[in-house]
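These are the residues of each chain, in order.
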Amino acid sequence: MGCNIAIDGPAGAGKSTVARKVAAKLSFIYVDTGAMYRAMALYLLKKGVKGDSQEEISSVCTGADINIEYKDKEQIVILNGENVNSLIRTEVVGNMASVSSANPRVREHLLKLQRNIAASNDVVMDGRDIGTTILPDAEVKIYLTASADTRAKRRFRELEEKGQTCDYEKIRQDIIDRDFRDMNREISPLCQAEDAVLVDSSDMDIEEVTDRILEIYNQKVKA
Ligand code: DC
């Protein structure tokens, strides 16, 4: 059994950036479970599923074979044999992932893959239900959050830097809608595990959040 650090929290809280840094510092593997849900969403979109029929999602999702590989310590998501890393970071795929991840068949499909990786590796795994459902015995659990305004501003800046035109109010509303879906679904809703440490990154930069998580790790694991 590897040493497991679970980082959960809402979209845009900085989980993936921080998780990647913590993993690099500790020489752990970084596992981005959101990317797996995004790969599933991409598959469903390619198959013409619109997202309003959970029955359709249940039947179509079984055709998606999702795996991860590592190249230069970066996670590569393989969907039916194809590297889909460059295709899953769009708002359309993210919104579909938020809808389709509420589906029990989709979650069941990805749960085994996530647990298998954590069983045989030291991992920093981020997502929505890692501390509550996937790795309930993780040595360290973090609930990383930030205000909706902070998260919307960060996303807005990110898109601007990529040269994409974007509407701040729409980004903010998308974040609020996604939070609502992620927190109110029946299966594995996003919530803070009882034994998770809350880290609010609204007034912290990436280095400060990374250091705080390493400090929590040292207190829990090294003590
Ligand atoms: O973290 P992200 O934005 O890449 O995740 C995309 C969607 O996937 C998110 O809206 C909710 C879902 N997700 C989930 O339900 N459980 C996880 N462990 C990770 C992501």
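Below: a short report on this structure. Everything numeric here is computed off the predicted structure, so don't read it as measured data. (Residues numbered from 1 in each chain as written. Predicted model: local features only at pLDDT ≥ 70, side-chain atom pairs only at ≥ 80, totals over all residues. Heavy atoms only, no water.)

### Concerning the packing of aromatic side chains
Put simply, the test is: Two aromatic rings from Phe, Tyr or Trp, using only the six-membered ring of Trp, form a pair when their centres are within 6.5 Å; if the ring planes differ by under 30 degrees the pair is stacked, by over 60 it is edge-to-face, and anything between is tilted. Numbering goes from the N terminus for both helices and strands, where a helix is a DSSP run of H or I of at least four residues and a strand is a run of E of at least two. To sort residues, take the accessible area from a 1.4 Å probe on protein chains only and compare it with the maximum for the residue type: under 20% means buried, over 50% means exposed, and anything in between is partly exposed.
With the rule as written, the count across this model stands at two aromatic pairs. Centroid distance Phe28 to Tyr217: 6.1 Å. Interplanar angle 90°. Geometry classified as edge-to-face. With Phe28 in the loop between helix 1 (15-26) and strand 2 (29-32) and Tyr217 in helix 9 (residues 206-222), this residue pair connects regions lying 189 residues apart in the sequence. On the basis of relative accessibility, which here comes to 8%, the residue Tyr217 falls in the buried class. Judged by centre distance (5.9 Å) and plane angle (80°), the ring pair of Phe156 and Tyr168 falls under edge-to-face.

### Considerations on the sheet that holds strand 7 (residues 140-145)
Defined as follows: We call two strands paired when DSSP finds no fewer than two bridges between them. Helix axes use the C-alpha atoms of the stretch in contact, all axes being lines fitted to C-alpha atoms, and the angles between their N-to-C directions lie in the range 0 to 180 degrees. Contacts were defined at the residue level, with two residues in contact if any of their heavy atoms lie within 4.5 Å.
Here five strands make up an open sheet; going across it, the order is 2-6-1-7-8 and the pairing parallel. Looking along the sheet, the strands with just one partner apiece sit at the ends: strand 2 and strand 8 (197-200). The mean angle between the axes of side-by-side strands here comes to 20°, regardless of whether they run parallel or antiparallel. Across four bridges, the pairing between strand 7 and strand 8 is parallel. Considered in strand 8, the bridge of Tyr143 is made with Leu198. Those strands touched by helix 9 are strand 1 (4-8), strand 7 and strand 8, and its axis lies near 155° from that of strand 7.

### Considering the side chain of Arg178
Spelled out, the test is: By the counting rule applied here, Lys and Arg register as positive and Asp and Glu as negative, while His and the ends of each chain are not counted. For this document, the term salt bridge refers to a Lys or Arg side-chain nitrogen within 4 Å of an Asp or Glu carboxyl oxygen.
In this fold, Arg178 is placed in helix 8 (residues 168-184). Here Arg178 sits buried without a salt bridge, and the closest side chain of opposite charge, Glu91, lies 4.4 Å off (N-O distance). Setting aside its immediate chain neighbours within four residues, Arg178 contacts Ala11, Arg38, Glu91, Gly94, Asn95 and Ser98.

Worth remembering: the numbers are spatial, not functional.
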